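# An overview of the molecular structure
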Amino acid sequence: QVRLVESGGGLVQAGGSLRLSCAASGRTFDSYAMGWFRQAPGKEREFVAAISWDGVDTNYADSVKGRFAISRDNAENTVYLQMYNLKPEDTAVYYCAGSAFTGVAANLRGFYAYWGQGTQVTVSS
């Protein structure tokens, strides 16, 4: 059974930082893209960041470029999302995602077959 487990969410003041982690088990993702998406209350789930299978290529939503950094450790089957200069509009449940068929840092939900349960990030003003 494939599992993606996120951790690292929490409450932070605007301008603060958080680092999210996503540990995968039941399958190795070292040949596949990994990504982060988020969903705020009353809104659709949206793309945040993605990373290619080898960690060379990354892809970010315009709203987080320059503030968030995605990385991965294939030996640990883990992907990270370092978030800096957080804003209240970053408040959402953040979901880790793993692809089943592409190594490209894709930004569309349809490229990802595996999803975590999510971790809450709340940014206070």
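Residues numbered from 1 in each chain as written. Predicted model: local features only at pLDDT ≥ 70, side-chain atom pairs only at ≥ 80, totals over all residues. Heavy atoms only, no water.

Below, the discussion takes up the pattern of salt bridges. Two side chains of opposite charge can pair, provided their charged atoms sit close to one another. What the rule picks out here adds up to four salt bridges. Where Asp62 meets Lys65, a salt bridge forms, and the shortest distance between an N and an O atom there is 3.2 Å. On the basis of relative accessible area, Asp62 is assigned to the exposed category, the value being 64%. In this structure, the salt-bridge partner of Asp90 is Arg67, at a minimum N-O distance of 2.7 Å. (Salt bridge = Lys/Arg side-chain N within 4 Å of Asp/Glu carboxyl O. Buried < 20%, exposed > 50% of the residue type's maximum accessible area, 1.4 Å probe, protein only.)

As a further point, take the pairing of strand E8 (residues 78-83). In terms of burial, E8 is largely enclosed, as six of its six residues are buried. A two-sided burial pattern is seen for E8, the buried positions comprising Thr78, Tyr80 and Gln82 on one face and Val79, Leu81 and Met83 on the other. Examined bridge by bridge, strand E7 (residues 68-73) and E8 share six bridges and lie antiparallel to one another. Bridge assignment links Ser71 to a residue of E8, and that residue is Tyr80. (Helix = DSSP H or I, 4+ residues; strand = E, 2+ residues; numbered from the N terminus. Pairing = 2+ DSSP bridges.)

Honestly, it's all geometry; don't read function into it.
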